[in-house]
Amino acid sequence: MSEQDWVLHVDLDQFIAAVEVARRPELRGRPVVVGGNGDPTERAVVATASYEARAFGVHSGMPLKVAVKKCPDAVFLPSDAPAYEAVSARVMDVLRELPVVVEVIGWDEAFLGARTDDPEALAALVRARVEEETGLSCSVGVGDNKLRAKIATGFAKPAGVYRLTSENWVRVMAERPVVALWGIGGRTSAKLAELGVRTVADLGRADPDVLARRFGPATGPHLRALGLGAGDAAVSATPWVARSRSRETTFQQDLENPADVREQVLVLARRVAGDVRAEGRLALRVAVKVRFVPFFTLTRSVTLPEPTDDAGAIERGALAALEKVELTRAVRLLGVRAEFGAPPEGA
């Protein structure tokens, strides 16, 4: 084989659960669920579940109260973000020691850009080095662009390597539902189904004008490109910069009084304002998330009059966003998010 450019997507297997098991070896092989304060009687959702817990139907985003019903023998642990950040940083440092360009895209995943004649051998080296240096397992997707590499990782899990390129795209993906594509969720899938587009092959054959009318002049053609497996192949080592800062709270007792809801939004907005100032950047928009009983969620946002890190302005923006929500039901969760503009010079 001759050398060519490849994109590898590295995804740490059951990352948060794996970090917790590494800290508590006695939990190895047991179902482990991480989320909230680790108390399944409280309102919180699963951050991650070990493969042993997933076998019982437990998954990320599931309420802990549901998780404990599905797997009553699971060990429930509180989330520990600083610990996960520290381990993630170690993993990324290990990757940077390899002959690759590393683009970090989250705690537990990164794209690697490399020129090689044997991407599978490089992927195997990545897996071995990460395990040797950190004790963690990872899966690696090999692709000719980021989209295909990311999707390939799903076929590689757990602890494997899989290649997905233009050569096997149709054979592997054509008859799969559109939600199998990175970037298409349930809502978009439902809208595509209304147009008779259900499979990846359907999407690749779809009329771009029809998609543009339904989803917009930019999003429509982009969706068709996803169906064809097209995507960006450039991997950049530019440090990842957060696009927003957010805070949210799940209330153990529902908030039924709109005045209490507004007060809690202000509390969250003040915390977000502190995060914005610590980031050294300016917020352009503020969004509020409201989850009603039993589990219906709305998000509304406003553009601020000018970019700012002023707490008062962010609080007013949060209240203005909340005004767009009809508080007709009890509230179980609130969140406030500040969205940034461009990072500061030199960041």
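Quantities reported herein were computed from a predicted structural model and do not represent experimental measurements. Within every chain, residues take consecutive numbers counted from 1 along the sequence as written. A pLDDT threshold of at least 70 governs which residues receive local features in this predicted model, and a stricter bar of 80 or more applies before side-chain atom pairs are shown or counted, although totals over entire chains, interfaces and linings include all residues. Only hydrogens and water are set aside when side-chain values are computed; all heavy atoms of the structure are taken into account.

1. A closer look at the sheet that holds strand 1 (residues 4-12)
Hydrogen bonds along the backbone pair up the strands of a sheet, which may run parallel or antiparallel.
In step 1: Pairing between two strands requires that DSSP report at least two bridges joining them. Helix and strand assignments come from DSSP, with helices taken as H or I runs of at least 4 residues and strands as E runs of at least 2, each series counted from the N terminus. Strand order in this open sheet of 5 strands is 5-6-1-7-8, and the pairing throughout is mixed. The open sheet has two free edges, formed respectively by strand 5 (101-106) and strand 8 (161-164), since each of these has just one partner strand. Taking each pair of neighbouring strands and ignoring which way they run, the sheet shows an average axis angle of 25°.
In step 2: Here 8 bridges tie strand 1 to strand 6 (residues 109-116), and the two strands are oriented antiparallel to one another. Angles shown run from 0 to 180 degrees and are taken between the N-to-C directions of axes, each axis being a line fitted to C-alpha atoms and, for helices, limited to the stretch in contact.

2. A word on the packing of helix 4 (residues 81-96) against helix 5 (residues 119-134)
In step 1: In contact at an axis separation of 10 Å, helix 4 and helix 5 are set at 135° when each is read in the N-to-C sense. As the angle between them shows, helix 4 and helix 5 are arranged oblique. Here helix 4 runs over helix 5; the crossing is right-handed. The segment helix 4 lies against helix 5, with R90, V91, V94 and L95 engaging V126, R129, V130, E133 and T134. Should an angle fall under 35 degrees it is called roughly parallel, over 145 degrees roughly antiparallel, and 65 to 115 degrees roughly perpendicular, with every other angle called oblique. We call a crossing left-handed when the near helix sits turned anticlockwise from the far one by less than a right angle, and right-handed when that turn is clockwise. Two residues qualify as a contact provided that any one of their heavy atoms is within 4.5 Å of a heavy atom in the partner residue.

3. Re the environment of E109
In step 1: Here E109 is to be found in strand 6.
In step 2: By relative accessible area, which is 14% here, E109 ends up buried.
In step 3: Expressed as a C-alpha distance, the spacing of E109 and D11, which sit 98 residues apart in the sequence, is 4.5 Å.
In step 4: Once residues within four sequence positions are removed from consideration, E109 is found in contact with H9, V10, D11, M92, V104 and K150.
In step 5: Under the rule applied, a polar contact is a pair of N or O atoms within 3.5 Å (in protein, one hydrogen donor and one hydrogen acceptor; residues adjacent in sequence only if both atoms are side-chain atoms). At 2.6 Å, the side chain of E109 and the side chain of K150 are in polar contact. We call a residue buried when its accessible area falls under 20% of the maximum for its residue type, exposed when it is over 50%, and partly exposed in between, using a 1.4 Å probe and counting protein chains only.

4. Some points on the pairing of strand 1
The two faces of the sheet receive side chains in turn, since in a regular strand these alternate between them.
In step 1: Of all 9 residues that make up strand 1, 7 are buried, and the element is covered over most of its length.
In step 2: For strand 1 and strand 7 (residues 138-143), the ladder comprises 6 bridges, and the chain directions are antiparallel. Along strand 7, the bridge assignment pairs V7 with G143.

5. Let's talk about the side chain of N145
In step 1: Positionally, N145 belongs in the loop between strand 7 and helix 6 (146-156).
In step 2: From its side chain, N145 meets the backbone nitrogen of L147 in a polar contact 3.2 Å long.
In step 3: When sequence neighbours within four positions are dropped, the list of residues in contact with N145 reads V7, G229, A230, G231, D232 and A233.

6. Remarks on the pattern of salt bridges
In step 1: Here, a salt bridge means any side-chain nitrogen of Lys or Arg that lies within 4 Å of a carboxyl oxygen of Asp or Glu. Tallied over the full model, the rule gives 22 salt bridges.
In step 2: When the shortest N-O distance is used, the salt bridge between R214 and E194 registers 3.6 Å. With R214 in helix 10 (residues 208-215) and E194 in helix 8 (residues 186-194), the pair connects residues that are 20 residues apart, well separated along the chain.
In step 3: By relative accessible area, which is 60% here, E194 ends up exposed.
In step 4: One salt bridge in this structure joins R247 and D275, with 2.8 Å as the shortest N-O distance. Placement of the pair is R247 in strand 9 (residues 244-255) and D275 in helix 12 (residues 258-279), with a sequence separation of 28 residues.

7. Describing the pairing of strand 11 (residues 296-308)
In step 1: Alignment of strand 10 (residues 283-292) against strand 11, held across 9 bridges, turns out to be antiparallel. Residue pairing for strand 11: A283 is matched across the bridge by T308.
In step 2: Counted between consecutive antiparallel strands, the loop separating strand 10 from strand 11 contains 3 residues.

8. Observations regarding a negative patch on the surface
In step 1: Each patch is built from residues that are more than 30% exposed by relative accessible area and take part in no salt bridge. Like charges join if they lie within 9 Å; nonpolar side chains (Val, Leu, Ile, Met, Phe, Trp, Tyr) join within 5 Å. Working definition of accessibility: Shrake-Rupley area with a 1.4 Å probe, residue cover restricted to the visible protein chains. Counted as positive: Lys and Arg. Counted as negative: Asp and Glu, with His and the chain ends omitted from the count. For this purpose, a charge sits on NZ of Lys, CZ of Arg, CG of Asp or CD of Glu. Among the surface-exposed residues, E97, E131, E132 and E133 lie close enough to one another that they form a single negatively charged patch.
In step 2: In this structure, E133 sits in helix 5.
In step 3: By relative accessible area, which is 42% here, E133 ends up partly exposed.

It is worth stressing that arrangement in space is one thing and function is another; only the former is reported here.
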